[in-house]
Structures are given as structure tokens and as C-alpha cells.
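# Structure at a glance
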Amino acid sequence: MDGNLVSYGLQYAGYLIEASLILCLIASRQRKRQVPLAFYLSSLLAAEVARACVLHAYGLKSRQYSDVYWRTDFLVVISAFFLVCLFFRRACLHQEKMWRYVRLWLTFICVMVVGISGLFFSHHYGNVLTDFYVEFSQNVYFTCLVLNTLLYLLLQQIDSADDQLGLLVCGVGIQFAGPAATLALLHLTAGEGFAQSLGSLAMRLCTLGMLLVWAYAIVHVKDKAIQVARREIPVLAEVTAHLNIQI
């Protein structure tokens, strides 16, 4: 009973923070720059609400809940992968040569993940779509975890001034650690009941951790790259005016 109360508390706390962050991003002055975050949070919130509704209607062990869970998970991991790709683009914003190289590798990794999942798909003929969603989601989660780690190392290597991006990347790392650890635990324990309960709790804690880090990054940490650009505009205007006077 206590475990259920903790799980429900984390669940509804996550709903509240996700909705608040989406509204905050929509109201932000840099809303165009924050579209990837808003899209990912919206997909995450929609998936969690859909799962909660189906769970209440049909129960945890129903076929309907299993189908909805993995189909919504498929949509979430797709948006997560594109979020990481857009974070790479933001990190390489002023380094076009590096971005062309990174973009090529991201495309190759995407094709490779789809190919590996398709290979699994060709050898399983049971509940085909659900099996494909499960395999694809697992592959993408682990891929995103590795890519996010490489992105964090890249930010340290290029000494990025975008402190907000650094925190956003750390938050994503926390989020991806939950599903990766849960899937590994389920494989090791053959899906026993305690492993499922522990994994579910770990995923909620990781999601809440990501949301709290993102909330701090969005509300309290400003993008230094934008601030530098804003400071440069008056300087450029002053230089231009001075040159015009001399002419």
C-alpha cells in the first residue's frame, strides 16, 4: 500500500511539473528555440495520461494496456531520439564543419537501429507490431543513453558557453538511465514481480529527476549564447554608426 502511494505521488508530481514546464516554454521569449523541449514533454505527458486511462479501464495485465504502453513508448523514444539530435545541433550551432560530421553519424546510427530492429521483426511472427515496438524501444533507449553521454563529453571538449544546454543534457541522461536500468533488470530476473515494481519506481524517480533539472535550467539558467549575441548587437550598431560618421 505504501509503495502504491509513493508511486502515485511521483506520478502526479510528474504530471504537474510536465504541464507547468510546457506552459513555461510556451510563454518563454525564446519559445522557438525551446520547441524540441516542449514537443518532448508534450509527448511524454500524453503517453503517461493515455497509459493511466487505459490502466484504470482495463487493468495492469490486460492486452489493451500492454498494446497502449508499448505504442506510446514507441512515440516517446522517437521524440527522445530527435531531441538528442537537436541538442547536438544546438551544441554545434557555430561549428558547421563539426555538425556535418555529427549529422552523418546520427543518420548512420538511426538507420542501423532501424535495421537491427527490422532484423528482429523478421524473425518473430507472434504479436508482430508489439514485438517490434518493444525491440525498437529498447534499442533506441540504449542508443540515446550512449549518444547523450557522448554529447555531454562533446560539450566539455568544446567548452560550450551554453550552460542551459549542459543541464538539459544532464537531465536527459537521468531520464534515459531509468529505462535502461529497468530493461537490464527485467532481462536478468526474467521479469519477476519485484523487478517490475522496482523498475517502475526507478523510472518514475528518474523522470522526476529529469523534470526538476530541466525546471531549474529553464527558469534560472539563461542561455549565454543568446546573451552574448544581444550584447554584440549594440556594439555592432555603434561601430557602424562611427564608420558612417567618418565617411
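Below: a short report on this structure. Within each chain, residue numbers correspond to sequence positions counted from 1 in written order. Local features in this predicted model are restricted to residues whose pLDDT is 70 or higher, and side-chain atom pairs enter the listing and the counts only when it is 80 or higher, whereas totals over whole chains, interfaces and linings include all residues. The side-chain figures draw on all heavy atoms in the structure; neither hydrogens nor water molecules are used.

Our focus in this paragraph is the pattern of salt bridges. Between Lys or Arg on one side and Asp or Glu on the other, a salt bridge is scored when a side-chain nitrogen of the former is within 4 Å of a carboxyl oxygen of the latter. Inspection of the entire model under this criterion finds 5 salt bridges. The residue Glu96 makes a salt bridge to Arg89 at a minimum N-O spacing of 3.1 Å. For Glu96, a relative accessible area of 37% corresponds to the partly exposed category. The cut-offs for exposure are 20% and 50% of the maximum accessible area for each residue type, with area from a 1.4 Å probe on protein chains only; residues under the lower value are buried, those over the upper are exposed, and the others partly exposed. For Arg89, a relative accessible area of 25% translates into the label partly exposed. Taken together, the salt bridges that share partners define one network made up of Arg33, Arg90 and Asp162.

A word on the environment of Tyr65. Relative to the helices and strands, Tyr65 is located in helix H3 (residues 63-91). Separated by 10 residues in sequence, Tyr65 and Leu55 have C-alpha atoms that sit 5.9 Å apart. Residues are treated as being in contact if the distance between any of their heavy atoms lies within 4.5 Å. In this view, Tyr65 contacts Arg51, Val54, Leu55, Gly59 and Leu60; residues no more than four positions away in its chain are not counted. Going along the chain from the N terminus, every DSSP run of H or I of four or more residues is numbered as a helix, and every run of E of two or more is numbered as a strand.

A few words on the packing of aromatic side chains. Pairing of aromatic side chains here covers Phe, Tyr and the six-membered ring of Trp, requires ring centres within 6.5 Å, and sorts the geometry by plane angle: under 30 degrees stacked, over 60 edge-to-face, intermediate tilted. Under the counting rule described, the total for this entry stands at 9 aromatic pairs. When the centroid spacing of 6.1 Å and the interplanar angle of 45 degrees are considered together, the rings of Tyr65 and Tyr69 count as tilted. Here Tyr69 and Tyr65 lie together in helix H3, a separation of 4 residues that amounts to about one turn. Looking at Tyr65, the relative accessible area reads 14%, which means it is buried.

This part is about helix H2 (residues 35-58). The span you would expect from a helix comes to 1.5 Å times its residue count less one. Relative to the 34 Å expected for 24 residues at 1.5 Å per residue, H2 spans 34 Å between its end C-alpha atoms, a close match to the ideal helical length. With its phi angle positive at about 100 degrees, Gly59 sits one or two positions after the end of H2.

Leu37, Tyr40, Phe87, Phe88, Leu151, Phe176 and Trp214 are the most contacted members of the largest nonpolar core, which totals 56 residues. Looking at this core, the elements with two or more residues in it are helix H1 (2-27), H2, H3, helix H4 (96-122), helix H5 (128-157), helix H6 (163-189) and helix H7 (193-220). Counting residues per element, this core draws most heavily on H3, which supplies 13 residues. For our purposes a nonpolar core is just a set of buried Ala, Val, Leu, Ile, Met, Phe, Trp, Tyr and Cys residues, chained together by side-chain atoms within 4.5 Å.

Our focus in this paragraph is a nonpolar patch on the surface. The grouping of Tyr101, Trp105, Phe108, Met112 and Ile116 at the surface amounts to a nonpolar patch, some 540 Å² of accessible area in total. In this fold, Ile116 is placed in helix H4. Exposure remark for Ile116: the relative accessible area of 44% places this residue in the partly exposed category. Without a salt bridge and with relative accessible area above 30%, a residue can belong to a patch; like charges are then joined within 9 Å and nonpolar side chains (Val, Leu, Ile, Met, Phe, Trp, Tyr) within 5 Å. Per-residue and other accessible areas follow the Shrake-Rupley method at a 1.4 Å probe size, with only the shown protein chains counted as cover for residues.

By themselves, these observations are geometric and do not establish any function.
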